[in-house]
Amino acid sequence: MITISRLEKSYGSGPGAVRANRRISLTIDDGEFVVFAGPSGSGKTTLLNMLGALDSPTSGSLTINGNDLTVMSPRELSRFRRDHLGFVFQRSNLVSSLTVMDNALLQLRLQGRLTDSSRRAVAELIDRVGLGDKKTRLPRDLSGGEQQRAAIIRAVASAPALVVADEPTASLDAENAAGVLNVMRALNYELGTTIVVSSHDERVIRVGRRIVRLTDGRVVSDTGSTRER
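Residues numbered from 1 in each chain as written. Predicted model: local features only at pLDDT ≥ 70, side-chain atom pairs only at ≥ 80, totals over all residues. Heavy atoms only, no water.

Trainee: What's the story with the environment of Leu108 in this structure? I'm lost.
Mentor: As for its placement among the helices and strands, Leu108 is situated in helix H3 (residues 100–111). Accessibility expressed as a relative area gives 3% for Leu108, which makes it buried. In this structure, the C-alpha to C-alpha distance between Leu108 and Ile64, residues 44 residues apart in sequence, is 20 Å. Excluding residues within four positions of it along the chain, Leu108 makes contact with Arg113, Leu114, Ser118, Val122, Ala157 and Ser158. (Helix = DSSP H or I, 4+ residues; strand = E, 2+ residues; numbered from the N terminus. Buried < 20%, exposed > 50% of the residue type's maximum accessible area, 1.4 Å probe, protein only. Contact = heavy atoms within 4.5 Å.)

Written out as structure tokens, the structure reads:
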């Protein structure tokens, strides 16, 4: 599903250039739950941002479901993000004026794919993560953990090819973090959603089915891949 070949990302030029990612090559199959792990400055968030079409590599190739992101124009990348990707950030980034249900339906609406059937399917997902009684609530009426669960539903509601999550538990206490991680794990197992997470949180790393560790922009270990299983 995802093929990364000799991917490099540098910021700046000349002797002062910062090499955030260095010759990274990976293959990620459909349905995997991958955690990019490593300390701050290891390059994990930069790599995640390139997977999410939010940043472009300096060199190398990155292909998702046959689409080479490195040759796309900014407009094409924007469409690709809208139609094929779901995002979960450190904070929920829910639209404050929309209810939980309307936030969850937002991407389907933008894609022009909102139907009665998809609306029912999204309502069932919201029920599944324990927010069934909060469908008409605004984000300000939710706890931090509930907001992140709502954000996860928004990310998966349109059945994207890939969900990328950047430090999704960073702002949560232990109880809420566990709830969010349980939701992500369940959606990965039950729906087969491909999830790639960037995190240095050991709670997240324990949940991942495959752990790719980075140091100084390089992959130093890759354990639990489907190819190993």
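Trainee: It is not clear to me how the packing of aromatic side chains should be interpreted in this structure. Could you clarify?
Mentor: For any two aromatic rings, the description comes down to two numbers: the centre-to-centre distance and the angle of the planes. Using the criterion set out here, one finds one aromatic pair in the structure. Taking 5.8 Å as the distance between ring centres and 0° as the angle between the ring planes, the aromatic pair formed by Phe87 and Phe89 counts as stacked. Exposure remark for Phe89: the relative accessible area of 29% places this residue in the partly exposed category. Seen from the ring of Tyr189, Arg209 lies directly overhead, with NZ or CZ sitting 4.5 Å from the centre. (Phe/Tyr/Trp six-rings, centres within 6.5 Å; stacked < 30°, edge-to-face > 60°. Lys NZ or Arg CZ within 6 Å of the ring centre and 35° of its normal.)

Trainee: Just to check I follow, could you spell out the sheet that holds strand S1 (residues 2–11) for this structure?
Mentor: Taking strand neighbours across the sheet as the criterion, the four strands line up as S2-S1-S4-S5 in an open arrangement whose pairing is antiparallel. Only two strands of the sheet have a single neighbouring strand rather than two, namely strand S2 (18–28) and strand S5 (67–68). By the bridge criterion, five bridges tie S1 to strand S4 (residues 59–64) in an arrangement that is antiparallel. The residue bridging Ile2 from the neighbouring strand is Ile64, located in S4. (Pairing = 2+ DSSP bridges.)

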